[in-house]
Amino acid sequence: MTSQPNPFAPHWLIRDIVISSHKAAVGPAGLLFIGDSIVEGFYWNRIGGLPLLNAGYSGIWTEALEPRVPLLLQSAQPRIAVLLVGTNDAKKDCTENALDGVAAHFERILGHFSHVQVPVVVLTPPPIEQAKRLTGFYSPEAMASLSQRILRIADNRAAGIVDLQSAFADRSGAAREGMTTDGIHLSAQAYRLLHEMLETTIAAVAA
């Protein structure tokens, strides 16, 4: 994906500025939430009693996020981190070989947290809701396959795991009706459920 023009670059620059300005308000020893547009849309500023620094970048994929992670960890100095990335890697026509490369980048990202001894809670990408505006741009099979890879990599390495792929899915594996606004981005209902799951998980990690 690095060979393609990046239409999100201007937005990411703005996000860098916003995140930098918010760091002063959150301070060190807070909660750093890193990821894609699903993270950027998360609108709570505290979880588990910790102030939250939202480092979400709409449109970002795993390879593009990787070099940002050590910089964010160094500057934010969080007590705990949360990671959600991979949604934008599971696009239509994504191959298993491509997902192997995504998994390698994800594993290196986890290594950055281990290097600075910051416990990280890993989230899997959520399932795709059918018959919505963005449904056709993503591959349900690739999303499920990548989520399984993430679970295997995070096992025994992450401080906690929240499996959104399972939590938000119906019996067919698709997102339950009303979990998204457009097939991939979370609805207010889904964000409330995510917030509840993170409250429980972060409280356990902090304890």
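Rules behind the numbers
- Residues numbered from 1 in each chain as written.
- Predicted model: local features only at pLDDT ≥ 70, side-chain atom pairs only at ≥ 80, totals over all residues.
- Heavy atoms only, no water.
- Helix = DSSP H or I, 4+ residues; strand = E, 2+ residues; numbered from the N terminus.
- Buried < 20%, exposed > 50% of the residue type's maximum accessible area, 1.4 Å probe, protein only.
- Polar contact = N/O pair within 3.5 Å; in protein donor to acceptor, adjacent residues only side chain to side chain.
- Contact = heavy atoms within 4.5 Å.
- Core = buried A, V, L, I, M, F, W, Y, C linked by side-chain atoms within 4.5 Å.
- Expected span 1.5 Å × (residues − 1).
- Arc of directions from axis to C-beta.
- Salt bridge = Lys/Arg side-chain N within 4 Å of Asp/Glu carboxyl O.
- Phe/Tyr/Trp six-rings, centres within 6.5 Å; stacked < 30°, edge-to-face > 60°.
- Lys NZ or Arg CZ within 6 Å of the ring centre and 35° of its normal.

Caption draft 1: Representation of the side chain of T87 in the model. Mapped onto the fold, T87 is located in the loop between β4 (80-84) and α5 (96-115). Given the relative accessible area of 3%, T87 is considered buried. Side chain to side chain, T87 and D36 meet in a polar contact 3.0 Å long. For T87, the residues in contact, after removing those within four places along its chain, are D36, I38, P125, P126, Y138, M143 and I184.

Caption draft 2: Region of the structure containing the nonpolar core. By size, the foremost hydrophobic cluster in this structure holds 41 residues, and its most contacted members are L32, I34, L65, L83, F106, L110 and F113. Counting residues per element, this core draws most heavily on α5, at seven residues. Within the second largest apolar cluster, 24 residues are counted, among which are I38, A175, Y191 and L198.

Caption draft 3: Representation of unusual backbone geometry. Backbone geometry places Q77, a non-glycine residue, at a positive phi of 50°. By the secondary structure assignment, Q77 is in the loop between α4 (68-76) and β4.

Caption draft 4: The arrangement of helix α1 (residues 9-26) in detail. Spanning 18 residues, α1 covers 25 Å between terminal C-alpha atoms, matching the ideal 26 Å at 1.5 Å per step. Burial in α1 covers these residues: W12, R15, I19 and V26. Looking down the long axis of α1, one finds its buried residues gathered within 50° of arc, a one-sided arrangement. Pointing more than 90 degrees away from the buried face of α1 are the exposed residues P10, L13, I17 and A24. The inward-facing, buried residues of α1 abut α2 (37-40), β3 (50-56), α3 (62-65) and α4. Looking one or two residues beyond α1, the residue adopting positive phi is G27, at roughly 75°.

Caption draft 5: Quick look at the pattern of salt bridges. Tallying each qualifying case throughout the model produces eight salt bridges. Between R108 and E66 there is a salt bridge, with its nearest N and O atoms 3.2 Å apart. With R108 in helix α5 and E66 in the loop between α3 and α4, this pair connects stretches of sequence that are 42 residues apart. With a relative accessible area of 13%, E66 lands in the buried category. Where R149 meets E96, a salt bridge forms, and the shortest distance between an N and an O atom there is 2.9 Å. Taken together, the positions of R149 in helix α6 (residues 140-154) and E96 in helix α5 put the pair 53 residues apart, joining distant regions of the chain. Three or more residues are tied together by salt bridges with common partners; here these are E96, D100 and R149.

Caption draft 6: Here's a closer look at the packing of aromatic side chains. This model, assessed by the stated rule, comprises seven aromatic pairs. Relative to W61, the ring of W12 lies with its centre 5.6 Å away and its plane at 55°, an arrangement referred to as tilted. In this pair, W12 sits in helix α1 while W61 sits in the loop between β3 and α3, placing the two residues 49 residues apart along the sequence. Neither W12 nor W61 differs from the other in exposure class; each is buried. A ring pair is formed by Y43 and Y191, whose centres lie 5.8 Å apart and whose planes are at 65°; its orientation type is edge-to-face. Of this pair, Y43 sits in the loop between α2 and β2 (46-47) while Y191 is found in helix α8 (residues 188-206), placing the two residues 148 residues apart along the sequence. Look at Y191 and you get buried, because its relative accessible area is 7%. Ring pairs connect the aromatic residues F33, F42, Y43, W44 and Y191, which therefore count as one cluster. One Lys or Arg, R68, reaches over the ring of Y57 and ends 4.7 Å from the middle of that ring.

Any functional reading would require information that these geometric values do not contain.
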